[in-house]
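Read off the chains here:
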Amino acid sequence: MAEEPENIAVGSGMIYTTDFTPGTAIPENTIIETEANRLGYIKNGATLTYTPTSETFKDDLGLIMRTKLTEEEVTFKFGLISWFYGKLDQLCSTCRVTDTPTGRTVKIGGVDNDDGKQHLFRFVHKDKAAGDVRITIVGTNTGGLALTYSPTDPNMPEPEITAAPSDGEGTLVLLDITDPGAGEVGGGV
């Protein structure tokens, strides 16, 4: 394996989303990263957070100890400066979008309208110097949705995606890192 270059991530990226059926493979990059799957444009970057929970067992005398991982959570949060109303169902499980002759109608709410779907979210950070990074998470938005209309401050919904396992190994997040100069990675992650 080649020596990995040191990385200082600078800049933001693009966010894509599509429905995902549990038990299926992650699609190829060229299938995910299309204009039709673009959720919107990000403002103030994105944050991936991995939070482990563990339990420590010790003997009464403090001579032996074992720490065991008992739970883990991955969340991915980003701010949207622009988005498509027709894609709000990717961020709200009770959202129903209907196209009309003059635009679209969006209905939100009603627990019985929960679609139970999981979505694939793909963040692509392009960096010619340090290499491209793709973050793929399967899950749902658990951060809610705030749509603010103000004459001075742009509306910035900030979804927080909580990851669900995307494969039989329990994978919560896929990071695909391309070394600088290696070219575009064509396969799925």
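This is a predicted model, so every value here is computed, not measured.

(A) Just the overall build of the chain, in detail. The helix and strand tally for the chain stands at 1 helix and 9 strands. Start at the N end of the chain and walk to the C end: the helices and strands fall as β-α-β-β-β-β-β-β-β-β. With respect to the three principal axes, the spread of C-alpha positions in the chain is 70 × 45 × 40 Å. Among the 189 residues that make up the chain, the fraction classed as buried is 32%. Considering only intrachain contacts with a sequence separation of at least 6, the fraction spanning at least 24 residues in the chain is 62%. Per element, the accessible surface of the chain, about 11700 Å² overall, is 52% carbon and sulfur. The centroid of the 15 positive side-chain charges in the chain is displaced by 7 Å from the centroid of its 28 negative side-chain charges.

(B) A look at the side chain of Arg122. Within the element layout of this structure, Arg122 appears in strand E6 (residues 118-125). Of note is the side chain of Arg122, whose polar atom sits 2.9 Å from the side chain of Asn29.

(C) View of the nonpolar core. In terms of nonpolar packing, the biggest core is built from 20 residues, with Ile15, Leu39, Phe76, Phe78, Leu80, Ile137 and Ile161 touching the most fellow members. Secondary structure elements with two or more residues in this core: strand E2 (38-58), strand E3 (65-83), E6, strand E7 (133-141) and strand E8 (160-163). If we ignore the near neighbours within four places in the chain, the residues touching Phe76 are Ile15, Ala46, Thr47, Leu48, Phe123, Ile135, Ile137, Pro159, Glu160 and Ile161. By size, the runner-up hydrophobic cluster in this structure holds 8 residues, among which are Tyr16, Phe20, Leu120 and Leu174.

(D) Seen up close, unusual backbone geometry. Positive phi, normally seen in glycine, also occurs at Asn44, with a value near 70°. The exposed category is assigned to Asn44, whose relative accessible area is 67%.

(E) Just the packing of aromatic side chains, in detail. For the structure on display, the rule yields 3 aromatic pairs. Between the aromatic rings of Phe76 and Phe78, the centroid separation amounts to 5.7 Å while the plane-to-plane angle is 45°, which identifies the pairing as tilted. Phe78 shares its class with Phe76; the two are buried. Pairing Trp83 with Tyr85 gives two aromatic rings, centres 5.8 Å apart and planes at 65°, and the pair type is edge-to-face. Classification of Tyr85 as partly exposed rests on a relative accessible area of 36%. In this structure an aromatic cluster arises from ring pairing among Phe76, Phe78 and Phe123.

(F) Structural view of the state of the cysteines. The tally for this structure, following the rule as stated, stands at 0 disulfides. You can see Cys95 has no disulfide; the closest cysteine sulfur is in Cys92, sitting 5.2 Å from it. Judged by relative accessible area, Cys95 falls into the buried class, the value being 6%.

(G) Spotlight on the pairing of E3. Summarising the sheet, E2 and E3 pair through 17 bridges and their orientation is antiparallel. Pairing of Lys43 across the sheet is with Gly79, part of E3. Counted between consecutive antiparallel strands, the loop separating E2 from E3 contains 6 residues, among which Gly62 sits at a positive phi close to 75°.

Scoring rules and cut-offs
Residues numbered from 1 in each chain as written. Predicted model: local features only at pLDDT ≥ 70, side-chain atom pairs only at ≥ 80, totals over all residues. Heavy atoms only, no water. Helix = DSSP H or I, 4+ residues; strand = E, 2+ residues; numbered from the N terminus. Buried < 20%, exposed > 50% of the residue type's maximum accessible area, 1.4 Å probe, protein only. Contact = heavy atoms within 4.5 Å. Areas by Shrake-Rupley, 256 points an atom, 1.4 Å probe, with all protein chains shown as cover. Lys, Arg positive; Asp, Glu negative; His and termini not counted. Charge placed at Lys NZ, Arg CZ, Asp CG, Glu CD. Polar contact = N/O pair within 3.5 Å; in protein donor to acceptor, adjacent residues only side chain to side chain. Core = buried A, V, L, I, M, F, W, Y, C linked by side-chain atoms within 4.5 Å. Phe/Tyr/Trp six-rings, centres within 6.5 Å; stacked < 30°, edge-to-face > 60°. Disulfide = S-S within 2.5 Å. Pairing = 2+ DSSP bridges.

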